[in-house]
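Next come the chains, spelled out residue by residue.
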Amino acid sequence: MKVQVCIIGGGPSGLLLSQLLHIQGVKTIVLEKRSRDYVLSRIRAGVLEHGFARLMREAKCGERMDREGEVHEGVFISRNGQLNRIDLHKYSDGNSVLVYGQTEVTRDLYDAHDRDGGAIVHNAEDVTLHDLKSDAPFVTYRSGDETIRVDCDYVIGADGFHGVSRPSIPKDTLKEYERVYPFGWLGVLSRTKPVSPELIYCKHERGFALCSLRSQVLSRYYLQVPLEDRVEDWSDEAFWEELKRRLPAQTASELVTGPSIEKSIAPLRSFVAEPMRYGRLFLAGDAAHIVPPTGARGLNSAGSDVYYLYHALVAHYKKADDAGLDLYSERALARVWKAQRFSWWLTTLLHTFPDDTPYLKRLKETELDYLFSSDKALGSLAENYVGLPY
Ligand code: APR
Ligand code: PHB
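Since this is a predicted model, take the numbers as computed values, not measurements. (Residues numbered from 1 in each chain as written. Chains lettered and ligands numbered in written order. Predicted model: local features only at pLDDT ≥ 70, side-chain atom pairs only at ≥ 80, totals over all residues. Heavy atoms only, no water.)

Focus on the environment of His130
In plain terms, the rule: A helix here means a DSSP run of H or I that spans at least four residues, while a strand means a run of E at least two residues long, and both kinds are numbered starting from the N terminus. Using a 1.4 Å probe on the protein chains alone, a residue whose accessible area is under 20% of its type maximum counts as buried, one over 50% counts as exposed, and one in between counts as partly exposed. Residue contacts are counted whenever heavy atoms from the two residues lie within 4.5 Å of one another.
Relative to the helices and strands, His130 resides in strand β9 (residues 125–130). A relative accessible area of 22% means that His130 is categorised as partly exposed. The spatial distance from the C-alpha of His130 to the C-alpha of Ile120 is 20 Å, given a sequence separation of ten residues. Setting aside residues up to four positions removed in sequence, His130 forms contacts with Pro137, Phe138, Val139 and Thr140.

Digging into the sheet that holds strand β10 (residues 138–143)
Quick reminder of the rule: Following DSSP output, two strands are said to pair if at least two bridges run between them. For helices, the axis comes from a line fit to the C-alpha atoms of the stretch in contact; other axes are also lines fit to C-alpha atoms, and the angle between any two N-to-C directions lies between 0 and 180 degrees.
Ordered in space as β9-β10-β11, the three strands form an open sheet in which the pairing is antiparallel. Of all the strands in the sheet, the pair left with one neighbour each is β9 and β11 (146–151). Taking each pair of neighbouring strands and ignoring which way they run, the sheet shows an average axis angle of 20 degrees. By the bridge criterion, four bridges tie β9 to β10 in an arrangement that is antiparallel. Bridge pairing in β10 links Thr128 to Thr140.

So, the packing of helix α1 (residues 12–23) against helix α9 (residues 298–319)
Note the threshold: Throughout, the term roughly parallel applies to angles under 35 degrees, roughly antiparallel to angles over 145, roughly perpendicular to angles from 65 to 115, and oblique to all others. The hand of a helix crossing depends on one turn: near helix anticlockwise from the far one by less than a right angle means left-handed, and clockwise means right-handed. In this classification, Asp, Glu, Lys and Arg are treated as charged, Ala, Val, Leu, Ile, Met, Phe, Trp, Tyr, Cys and Pro as nonpolar, and every other residue, Gly included, as polar.
Where α1 contacts α9, the axes come no closer than 9 Å and their chain directions differ by 30 degrees. Looking at the two axes, α1 sits roughly parallel to α9. Handedness of the α1/α9 crossing: right-handed. Seen from α1, the contacting residues are Pro12, Ser13, Leu16, Leu17, Leu20 and Leu21; seen from α9, they are Leu299, Ala302, Val306, Leu309, Tyr310, Leu313 and Val314. Taken together, the residues of the contact of α1 with α9 break down into twelve nonpolar, one polar and no charged.

Quick look at the packing of aromatic side chains
The criterion, for reference: The aromatic pairing rule takes the rings of Phe, Tyr and Trp, using the six-membered ring of Trp, and pairs them if the centres are within 6.5 Å, calling planes under 30 degrees apart stacked, those over 60 edge-to-face and the rest tilted.
Applying the stated rule across the entire model yields 17 aromatic pairs. For the pair Trp185 and Phe208, a centre-to-centre distance of 5.3 Å together with 20 degrees between the ring planes defines the contact as stacked. Taken together, the residues Trp185 in strand β13 (residues 175–190) and Phe208 in the loop between β14 (200–202) and β15 (209–215) connect sequence positions 23 residues apart. Judged by relative accessible area, which is 3%, Trp185 ranks as buried.

Overview of a nonpolar patch on the surface
Operational definition: Grouping into patches uses exposed residues only, defined as over 30% relative accessible area, and leaves out salt-bridged ones; the cut-off is 9 Å for like charges and 5 Å for nonpolar side chains (Val, Leu, Ile, Met, Phe, Trp, Tyr). Each accessible area is a Shrake-Rupley estimate made with a 1.4 Å probe; only the visible protein chains count as cover when residues are assessed. The term salt bridge refers to a side-chain nitrogen of Lys or Arg lying within 4 Å of a carboxyl oxygen of Asp or Glu.
On the surface, Tyr359, Leu360 and Leu363 cluster together to form a nonpolar patch covering roughly 300 Å² of accessible area. Relative to the elements of secondary structure, Leu360 occurs in helix α11 (residues 358–373).

Brief notes about the pattern of salt bridges
Considering all chains together, one arrives at 30 salt bridges under this definition. Between Glu365 and Arg79 there is a salt bridge, with the nearest N and O atoms lying 2.7 Å from each other. One end of the pair, Glu365, is in helix α11; the other, Arg79, is in strand β5 (residues 74–79), with 286 residues separating them in the sequence. Note on Glu365: relative accessible area 17%, which makes it buried. Relative accessible area serves as the criterion here: at 12%, Arg79 is assigned to the buried category. Put simply, Arg149 and Asp151 hold a salt bridge, and the shortest N to O gap is 2.8 Å.

Quick look at unusual backbone geometry
Of note, the bond from Glu274 into Pro275 is cis; its omega dihedral lies within 30 degrees of zero at -10 degrees. Along the chain, the position of Pro275 falls in the loop between β17 (260–274) and β18 (277–278). One non-glycine residue, Asp93, lies in the positive phi region at around 55 degrees. Position of Asp93 relative to the elements: it lies in the loop between α5 (88–91) and β7 (97–99).

A word on the site of ligand 1
This is how it is decided: We call a residue near a molecule or strand whenever a single non-hydrogen atom of that residue lies within 4 Å of it. Polar contacts, as used here, are pairs of N or O atoms within 3.5 Å; protein pairs need one atom able to donate a hydrogen and one able to accept it. Residues neighboring in sequence count only if both atoms are side-chain atoms.
Around ligand 1, 24 residues are found, and the nearest of them are Ser13, Glu32, Arg42, Gln102 and Asp286. Between ligand 1 and Arg44, the relevant distance is 3.0 Å, taken from an oxygen atom to a side-chain nitrogen or oxygen of the residue. Measuring from an oxygen atom of ligand 1, one finds a side-chain N or O atom of Asp286 at 2.9 Å. Among the elements of the structure, α1 and α9 are those that each provide at least two residues to the shell around ligand 1. Each residue belonging to the shell around ligand 1 can be placed in one class, and the counts come to eight nonpolar, nine polar and seven charged.

Encoded structure:
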């Protein structure tokens, strides 16, 4: 078969790009190695930058997001038993974020493909990229006993951190930057009323905690835990008791607990692969970069990659203008690294590290003292949190 753009990976990056291109009449196909149910079973973060929300609307996938998502104009940082609200709306010149689960984003994108006829192949095995440096690249994959070839103009590697696309770039071409954090996040989903109408990022000597939500009846909580912890080490009761210890007393007293409907531990890493282009292959989303979830930048960094690729490919096909494609890696990485910086800064500031000396601990307290005392510092946090311009 022949398409214009072959997209590897049916997660948010691949689905959003294919939907945007499909609407513009660009012929695409998405090759996803898992089943649709498996992809939709993943629990991921739930804070959308205003730029990402705009892209979803442009992809004609924004109706349920706007109906069910919650506009949040502020977040809290708690420390020393105190809640400190950061007015995102005020300090970001009127912007906000949309709290809406990534699983729902992915569901809406799948529904749009069903509605508009975008081509997605599930259970595509042994996806292999060929002739990426030529002007006639192709991709092969196995479906049962049959090997299928997809000829295309461009290949988009949207297959996540463990995908096949990034490793298809020769090691002597690729430069990788990585920082692995000495702790993980234990996450719980519970059908309980959220403890706070806005997210609470808790800095505590026992470790970081986060109070988030999916709706007014579905709460999402996280605890920083040692890397060696396993999910089976944590009963629901132990989780709730530890969360209460890290929350301000008043907040802890209002916490509604209940059985976990999902419980998992995720490691934290910062990672960037450069360049994000190799011949006719373009990397997007987790295939090229990973952030610790503290700043909720993972999906949102994928959003700016998709934005740049979408406009570059439409310019190529409609105006024979390749400037966007030629500039893609440089433009995408410029914004990716700003999201890396913000995620690293917030993670370092709010988590406890084994090598935190008394000096570093005092410095972190001072950083927060400065943040809450300076409109300019609050403006910097707010503009990063709601999303820097594309
Ligand atoms: N062939 C085909 N598909 C693959 C392959 C492969 N070899 N390897 C991985 N995939 C699929 C995965 O099954 C997954 O559905 O690619 C998809 C990649 O999706 P994500 O990992 O969600 O990455 P992305 O779409 O870039 O979304 C980034 O997801 O992981 C979160 O925190 C991250 O919020 C961020 C968002
Ligand atoms: C979540 O709701 O899963 C979430 C929200 C904000 C973050 C990280 C995770 O910074």
